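Each chain, letter by letter, is given below.
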Amino acid sequence: MSARRVLVFGGTGSIGLAICRRLAADGDELVVADLGDRGHLISDLPGEGHTFASCDVGDLESVRAVAAACTDITAVVSAVGINYTGPVAETDWSMYERMQRVNLQGAFHIAAACEESCSPDAYVFLASVAGLTGEAGGAVYCSTKFGLIGFVQSFAAEIAARGARANTVCPGNVDSPLLRDLAAAVAEREGTSAEAMLDRFAGDSAFRRLITVDEVAEAVAFLASRRSSGISGQSLVVDGAPN
Ligand SMILES: NC(=O)c1ccc[n+]([C@@H]2O[C@H](COP(=O)([O-])OP(=O)(O)OC[C@H]3O[C@@H](n4cnc5c(N)ncnc54)[C@H](O)[C@@H]3O)[C@@H](O)[C@H]2O)c1
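Residues numbered from 1 in each chain as written. Predicted model: local features only at pLDDT ≥ 70, side-chain atom pairs only at ≥ 80, totals over all residues. Heavy atoms only, no water.

## Thoughts on the site of the ligand
Close to the ligand lie 27 residues, the nearest being D34, D56, V80, Y141 and S176. A distance of 2.7 Å is found between an oxygen atom of the ligand and a backbone nitrogen or oxygen belonging to V80. For the ligand, the protein covers 90% of the area, taking 830 Å² as the surface of the free molecule. (Near = heavy atom within 4 Å. Polar contact = N/O pair within 3.5 Å; in protein donor to acceptor, adjacent residues only side chain to side chain. Areas by Shrake-Rupley, 256 points an atom, 1.4 Å probe, with all protein chains shown as cover.)

## Structural notes on the packing of helix α5 (residues 177–190) against helix α6 (residues 194–203)
Contact pair α5 / α6: the axes reach a minimum separation of 8 Å and the direction vectors enclose 115°. When the interaxial angle is binned, α5 and α6 end up roughly perpendicular. Both α5 and α6 take part in a crossing whose hand is right-handed. Counting all contacts with α5, which are made through L179, R180, L182, A183, A184, V186, A187 and E190, the residues of α6 involved are A194, M197, L198, R200 and F201. When its residues are assigned to classes, the contact of α5 with α6 shows ten nonpolar, no polar and three charged. (Axes fitted to C-alpha atoms, helices over the stretch in contact; angles between N-to-C directions. Helix = DSSP H or I, 4+ residues; strand = E, 2+ residues; numbered from the N terminus. Parallel < 35°, antiparallel > 145°, perpendicular 65-115°, else oblique. Left-handed = near helix turned anticlockwise from the far one by under 90°. Contact = heavy atoms within 4.5 Å. Nonpolar A, V, L, I, M, F, W, Y, C, P; charged D, E, K, R; others polar.)

Structure follows, in structure tokens:
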């Protein structure tokens, strides 16, 4: 099998790094784009030829610069995302704007810049089950993920004409620092402990456990590959079955 080149935005986060490990183990060569100088985080990936590019997806020119420097990209993955929980009435407007800029506008920037310069065969964006069902305290985060799913469905229809595909993966509660931070924030609001919140999050799944980053990475690797050649505009839920 010939090596493929995959551009992974947010590739040094917890799910992003699991995706990079999974793709690199398959023999893919990676361009990992993330905030700041995190190149050292990809030094242990299997295989050779992986590179790091500093990128802020909230800034179109920053994404354009990364995409323009890439050649022969077969797939683009975005594991970028930031989280916030809080009631609408208590939400700082600047937080709302930051969430939209990174989680939703960032996806538009990635799609626009990559269509301009690399035209990959497949895109996979990390959404969430929070993009399928709303919940108290989730209005801001959910609005970005609902928006992302609608964006990807529409974008998939646009790029189908050139034979390309776009899908989202919607994880449930993943064992990760992002989830532990969320548990701490919700616990404070509800006057309970972060441990109790994590237990409740695990109980949201019929599996009665948190999903692993590797389980999410497996779904992303499938949608980024030719193995899913008939699938586009879809959202693949990885939550261990709703409870
Ligand atoms: N962890 C979970 O339980 C969970 C559940 C459902 C969905 N998700 C989604 O999965 C994705 C990855 O989550 P994670 O748990 O790995 O989070 P994480 O915080 O570990 O990783 C997020 C990555 O996004 C990067 N990032 C943030 N802002 C950026 C910007 N402006 N430009 C470029 N990169 C930026 C971060 O540097 C980091 O590498 C996110 O979209 C998240 O919403 C996570």
